[in-house]
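Examination of the molecular architecture
One letter stands for each residue in the lines below.
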Amino acid sequence: MESKQWYMEYKIHKNRPGLLGDIASLLGMLNVNIITINGVEDRTRGMLLQTNDDEKIEILGKMLQKVENITVNKLRPPSLVDRLAVRHGRYIERDSDDRKTFRFTRDELGLLVDFLGEIFKRDGNQVIGLRGMPRVGKTESIIAGSVCSNKRWAFVSSTLLRQTVRSQLSSEEMDPNNIFIIDGIVSTIRSNERHHALLQEIMEMPSTKVIEHPDIFIRESNYDYSTFTTIIELRNTPDEEISYDSFTVNYNDF
């Protein structure tokens, strides 16, 4: 049987000496390899495991139920969020009602870049919305994520260097493997017919598009919320309100 990876997370009730060693010994006796291990938030430990026998994971889960000092919270094939939790030692905040919305703060830019890098590695059509106030690090994170995924990026519209509205891209830039960066405000409030035609062409491509200010993009275009596969919110502080009223007016002055 082919080797598979599993994510195990357990809550520690009493961190007695030798607890981790006992668990590692149990895994060793079952011939289950530990790929990565890290503390995940308060008194919680996460492990990325590997084995070629699913039954061993089932046995492991039953045996650990009898260990009084811990409670196993998760024992499952690892998701992207699980892998990043082990790598960074913290979980990405996720909207409890809208499961495709993920929240980050500016002090978590490293985690956000890693998250984007993993998403960008995926093939096919992806439309990622990135919410956030000006100068919070949105565009920089997208570029850094592109570098992490070894992908090139192309600006369709941007405010990084003044306000840029492209009416055409070169054949090299139109490669579906590229990451297309779109400013949702610039592309709708300050667009022209040629830019709109280019935007439609890119939106129909089987490629990854990252749209900053997705709410304005939806409001001012024919696309809706279902267009987006992932929504990311980036704030300076956890309680910061993302409000467009304070800066969208400036886009109309050009």
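**Let's talk about the pairing of strand β1 (residues 4–12)**
Looking at chain direction, β1 and strand β3 (residues 44–51) are connected through eight bridges and run antiparallel. By the bridge assignment for β3, K11 is matched with T44. In this sheet, strand β4 (residues 70–76) lies alongside β1 in antiparallel orientation, the contact comprising six bridges. Bridge pairing in β4 links I12 to I70.

**What to know about the side chain of T105**
With respect to the element layout, T105 can be found in strand β6 (residues 101–105). The exposure class assigned to T105 is buried, which follows from its relative accessible area of 12%. At 2.5 Å, the side chain of T105 forms a polar contact with the side chain of D107.

**Some remarks on unusual backbone geometry**
Leaving glycine out, the prevailing phi sign among residues is negative, and the prevailing peptide bond configuration is trans. Positioned with a positive phi, R135 is a non-glycine residue whose angle comes to about 60°. Along the chain, the position of R135 falls in the loop between β7 (126–131) and α5 (138–148). One non-glycine residue, H213, adopts positive backbone phi at about 60°. Here H213 is to be found in the loop between β12 (208–212) and α8 (214–219). On the basis of relative accessibility, which here comes to 2%, the residue H213 falls in the buried class.

**Let's talk about a nonpolar patch on the surface**
Together, L20, I34 and I37 make up an exposed nonpolar region whose accessible area comes to about 210 Å². Position of I37 relative to the elements: it lies in strand β2 (residues 33–39).

**A look at the packing of aromatic side chains**
Tallied over the entire structure, the rule returns four aromatic pairs. With 4.9 Å between their ring centres and 50° between their planes, F102 and F115 make a pair best called tilted. Here F115 lies in helix α4 (residues 109–120) and F102 lies in strand β6, a separation of 13 residues in the sequence. A ring pair is formed by F104 and F115, whose centres lie 5.6 Å apart and whose planes are at 40°; its orientation type is tilted. One end of the pair, F104, is in strand β6; the other, F115, is in helix α4, and 11 residues separate them in sequence. F104 sits in the buried class, given a relative accessible area of 2%. Site record: aromatic cluster; members linked through ring pairs are F102, F104 and F115. The lysine or arginine in question, K100, covers the ring of Y225, its NZ or CZ lying 4.1 Å from the ring centre.

**Structural notes on the pairing of strand β13 (residues 230–235)**
Along any regular strand the residues' side chains alternate between the sheet's two faces. Across the six residues that make up β13, a large majority, six, are buried. Burial along β13 is two-sided: the residues T230, I232 and L234 and I231, E233 and R235 are all buried. Pairing geometry for β6 and β13, over five bridges, is parallel. Pairing of F104 across the sheet is with L234, part of β13.

**Here's the deal with the pattern of salt bridges**
Overall, the coordinates contain 18 salt bridges when judged by the stated rule. A salt bridge links E58 to K62; the shortest N-O distance between them is 3.5 Å. In this pair, E58 and K62 both sit in helix α2 (residues 54–64), four residues apart, roughly one turn of the helix. We note a salt bridge from R131 to D215, for which the minimum N-O separation is 2.7 Å. A residue pair is termed long-range when its members are at least 10 positions apart, and R131 in strand β7 and D215 in helix α8 qualify at 84 residues. On the accessibility criterion, D215 (28% relative accessible area) is partly exposed. What you see here is one network of salt bridges that share partners, running through E93, D95, R103, R131, D215, E233 and R235.

**Quick look at the sheet that holds β2**
The strands that make up a sheet pair up through hydrogen bonds in the backbone, lying either parallel or antiparallel. An order of β2-β3-β1-β4 is seen for the four strands of this open sheet, with the pairing classed as antiparallel. Each edge of the open sheet carries a strand with a single partner, namely β2 and β4. The average angle at which neighbouring strand axes cross in this sheet is 20°, direction not considered. The pairing of β2 with β3 spans six bridges and is antiparallel. Within the sheet, the bridge partner assigned to N33 lies in β3 and is Q50. Packed on one face of the sheet, helix α3 (residues 80–88) meets β1, β2, β3 and β4 and runs near 65° to β2.

Parameters at a glance
Residues numbered from 1 in each chain as written. Predicted model: local features only at pLDDT ≥ 70, side-chain atom pairs only at ≥ 80, totals over all residues. Heavy atoms only, no water. Pairing = 2+ DSSP bridges. Helix = DSSP H or I, 4+ residues; strand = E, 2+ residues; numbered from the N terminus. Buried < 20%, exposed > 50% of the residue type's maximum accessible area, 1.4 Å probe, protein only. Polar contact = N/O pair within 3.5 Å; in protein donor to acceptor, adjacent residues only side chain to side chain. Patch = residues over 30% accessible without salt bridge, like charges linked within 9 Å, V, L, I, M, F, W, Y side chains within 5 Å. Areas by Shrake-Rupley, 256 points an atom, 1.4 Å probe, with all protein chains shown as cover. Salt bridge = Lys/Arg side-chain N within 4 Å of Asp/Glu carboxyl O. Phe/Tyr/Trp six-rings, centres within 6.5 Å; stacked < 30°, edge-to-face > 60°. Lys NZ or Arg CZ within 6 Å of the ring centre and 35° of its normal. Axes fitted to C-alpha atoms, helices over the stretch in contact; angles between N-to-C directions. Contact = heavy atoms within 4.5 Å.

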